[in-house]
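Spelled out from the first residue to the last, the chains are:
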Amino acid sequence: MAGSELTNVKSPRVKAARRLAKRAYREQDRKFLAEGPQAVREALKLDGVTLELFATAEAELRHSELITDATLKGIPIHRASGEVMSELSQTVTPQGLLAVCRLVHVPLDDALSGEPRLVAVLAHVRDPGNAGTVMRAADAAGADSVIFTDASVDPYNGKCVRASAGSLFHLPVTIGAPVTAAVRQLRERGLRVLAADGAGKHTLDDVDLSGPTAWIFGNEAWGLPEEVLAEADDVVRVPIYGQAESLNLATAAAVCLYSSARAQRVS
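Quick look at the structure, then. Just so it is clear, the structure is predicted and the values come from calculations on it, not from any experiment.

**Side note on the pairing of strand 7 (residues 173–177)**
Then step 1. Here 4 bridges tie strand 6 (residues 145–149) to strand 7, and the two strands are oriented parallel to one another. Counterpart to phenylalanine 148 in the pairing with strand 7 is isoleucine 175.
Then step 2. Assessed by its sense of winding, the connection that carries the chain from strand 6 through helix 9 (residues 158–164) to strand 7 is right-handed.

Laid out in structure tokens, this is it:
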């Protein structure tokens, strides 16, 4: 890597990246941090998304293919000391690799373009780990897009980005959409809108999931508000066959999304 090692945690370059840990600055600068080799690898696959890369000397050796890829694409690479990386990292044990990226979300119209058959909607989801894991599950299940409503966590939150394991860069993500507007457009695109809730009258075993479907997932602690449940075509619960009181949000979302994905593939 060209240039000397960054050792000053108060340098302008480090401070400019560090401020992206706060949502207000991410929105102002239109940038966010992607930490760890998996996130960096997926970010590098998208042209023009990765703006600069910070790497420790150890990470440079361990992930030389990523450094080479970034170099060939003309992305500035800064070798960072362990102290600087600890300042930039949002984890207890930094992995030594961190990218500054452009925001990648798209307008709702773009996210629902074409003929979507499976969409995940996060309404009032506040836990970033859960939200990131739902993105990952949606990606794995072959969903066409993920919609974060205006009352949900920021998908660019560091914990959310890490929990998505790169899926943030794989499928269209929309943020800030009001639930009513999202449901209206989903129906206009021909999707049936199902709310996943433990109080649902029907279970996954009872409903036909073979058609285009959008799932609304809510807050793990208190579920979906009544006004959101009222927007759905049906309220569905995941059946509990054992003695567990419930499933956590991300697990329930994975079950619902995969149930739809399987039904659509065998129909």
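Past the structure itself, the notes keep going.
**Focus: the nonpolar core**
Then step 1. Counting residues in each nonpolar core, the largest one holds 57 residues, and the members touching the most others are Phe32, Trp215, Phe217 and Leu257.
Then step 2. With 8 residues, helix 12 (residues 249–266) is the single largest residue contributor to this core.
Then step 3. Among residues more than four places away in sequence, those in contact with phenylalanine 217 are Ala120, Val121, Leu122, Ala123, Val125, Val134, Ala196, Leu224, Leu249, Ala253, Cys256 and Leu257.
Then step 4. Among the nonpolar cores identified, the runner-up in size contains 21 residues, and Ala182, Ile216, Leu224 and Leu229 belong to it.

**Some thoughts on the side chain of threonine 174**
Then step 1. Relative to the helices and strands, threonine 174 resides in strand 7.
Then step 2. In terms of polar contacts, threonine 174 uses its side chain to reach the backbone carbonyl oxygen of valine 106, at 3.1 Å.
Then step 3. If we skip the residues at most four places from it in the chain, threonine 174 touches Val106, Pro107, Leu108, Ala111, Val146, Ile147 and Phe148.

**Re the sheet that holds strand 11 (residues 234–237)**
Then step 1. Read across the sheet, 7 strands follow the order 7-6-5-10-8-11-9 without closing on themselves; strand pairing throughout is parallel. Unpaired on one side and paired on the other, strand 7 and strand 9 (202–203) mark the two borders of the sheet.
Then step 2. Pairing analysis gives 5 bridges linking strand 5 (residues 118–122) to strand 10 (residues 213–217), with the strands arranged parallel. Across the sheet, leucine 118 pairs through a bridge with threonine 213, a residue of strand 10.

**Thoughts on the packing of helix 8 (residues 128–140) against helix 12**
Then step 1. Where helix 8 contacts helix 12, the two axes come as close as 9 Å, and the packing angle between them is 15°. By the angle class used here, helix 8 and helix 12 are roughly parallel. Read as a crossing pair, helix 8 and helix 12 show a hand that is right-handed. For the pair formed by helix 8 and helix 12, the contact residues are Asn130, Thr133, Val134, Ala137, Ala138 and Ala140 on the first element and Leu249, Ala250, Ala253, Ala254, Leu257 and Tyr258 on the second.
Then step 2. A breakdown of the residues in the contact of helix 8 with helix 12 according to their chemical character gives 10 nonpolar, 2 polar and no charged.

Rules and cut-offs
Residues numbered from 1 in each chain as written. Predicted model: local features only at pLDDT ≥ 70, side-chain atom pairs only at ≥ 80, totals over all residues. Heavy atoms only, no water. Pairing = 2+ DSSP bridges. Helix = DSSP H or I, 4+ residues; strand = E, 2+ residues; numbered from the N terminus. Right-handed = clockwise from strand over helix to strand, strands pointing away. Core = buried A, V, L, I, M, F, W, Y, C linked by side-chain atoms within 4.5 Å. Buried < 20%, exposed > 50% of the residue type's maximum accessible area, 1.4 Å probe, protein only. Contact = heavy atoms within 4.5 Å. Polar contact = N/O pair within 3.5 Å; in protein donor to acceptor, adjacent residues only side chain to side chain. Axes fitted to C-alpha atoms, helices over the stretch in contact; angles between N-to-C directions. Parallel < 35°, antiparallel > 145°, perpendicular 65-115°, else oblique. Left-handed = near helix turned anticlockwise from the far one by under 90°. Nonpolar A, V, L, I, M, F, W, Y, C, P; charged D, E, K, R; others polar.

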